[in-house]
Structures are given as C-alpha cells and as structure tokens.
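# Residue-level structural notes
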Amino acid sequence: MSPIKPLLLGLGLFALAGCDTAEQAAESFAKKVEEAAVETARESLGETIKEFDKQVDQLNEQVDQAQENTRQWMDQAQPKPEQEKPPQDSQQQPDQDMIET
C-alpha cells in the first residue's frame, strides 16, 4: 500500500467527520432559530391579545354607558302617573259663607 492511500483515507474520514459536525451544528442552529421564532410569535400574539382584550373592555364600557343613558332617557320619556286628586262631587256643596235665610 502506498503511503498516499492511508493519508487520503484519513483525510476522507476527517472530512466526513467534519461534514457530520457541520450538519449537527446546522441542525442545532436551525432548531434554535425555530424556537426563537416561535417565542417571538407567542410574545407578539400575546401582546395583540392583550390589546384586543383592552379594546373589548372599552367597547363593553361604552355599551354599558349607552344602555344606562337609554334607560334614563326612557324613564324621563314615560308619562308619570298623576298624583291622586280627591274625587270631585258632581254636586257642589254650597259655600258655607252664604247665610241661609
């Protein structure tokens, strides 16, 4: 065997080992990038949901206020029952100031 063949075989194995290491590093990097992207998306979505919840709460408060204003307006618009008046007799009693003769 010529001395070049073992050297080439060693270099080939070294290159394959280097490729394997590079592949593992690339996979590890890709996994970390994916995890970071997922975390960023979660944070962004979380902030969006918080903002949406805040807007929903504001809308609910506005609806509650509109309902209360409508209720007050309707209460004012309804005719109030007249206070009970003493019944008037169809025959008026003569004034007591008058002197009977």
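As a reminder, the structure under discussion sits directly above these lines.
As a starting point, this report considers the structure included with it. (Residues numbered from 1 in each chain as written. Predicted model: local features only at pLDDT ≥ 70, side-chain atom pairs only at ≥ 80, totals over all residues. Heavy atoms only, no water.)

## Some details on the overall build of the chain
Basically, it comes down to this: Helix and strand definitions follow DSSP, with helices as H or I runs of at least four residues and strands as E runs of at least two, each counted in order from the N terminus. Partly exposed residues are those whose accessible area sits between 20% and 50% of the maximum for their type, while under 20% is buried and over 50% is exposed, using a 1.4 Å probe and protein chains only. Only the protein chains shown count as cover for residues, and all accessible areas are computed by the Shrake-Rupley method using a 1.4 Å probe.
A count of helices and strands for the chain gives 1 helix and 0 strands. Residues classed as buried in the chain amount to 0% of the 101 residues present. A total of about 10,400 Å² of accessible surface is found on the chain, and carbon and sulfur atoms cover 56% of it.

## Looking at the pattern of salt bridges
The criterion, for reference: Only one rule defines a salt bridge in this text: a Lys or Arg side-chain nitrogen within 4 Å of an Asp or Glu carboxyl oxygen.
Counted by the stated rule, this structure contains 2 salt bridges. For Glu-47, the salt bridge identified is with Lys-50, shortest N-O distance 3.9 Å. Here the residue Glu-47 and the residue Lys-50 both occupy positions in helix α1 (residues 4–77), the gap between them amounting to 3 residues, near one helical turn. Judged on exposure class, the residue Glu-47 and its partner Lys-50 are both exposed.

## Observations regarding a negative patch on the surface
Short version of the rule: Patch building starts from residues that exceed 30% relative accessible area and form no salt bridge, then joins like charges within 9 Å and nonpolar side chains (Val, Leu, Ile, Met, Phe, Trp, Tyr) within 5 Å. All tallies of charge rest on Lys and Arg as positive and Asp and Glu as negative; His and the ends of each chain are not included. By convention, the charge on Lys lies at NZ, on Arg at CZ, on Asp at CG and on Glu at CD.
The grouping of Asp-53, Asp-57, Glu-61 and Asp-64 at the surface amounts to a negative patch. Relative to the helices and strands, Asp-53 is located in helix α1.

## Structural notes on a nonpolar patch on the surface
On the surface, Ile-4, Leu-8 and Leu-11 cluster together into a nonpolar patch covering about 310 Å² of accessible area. Among the secondary structure elements, Leu-11 is positioned in helix α1.

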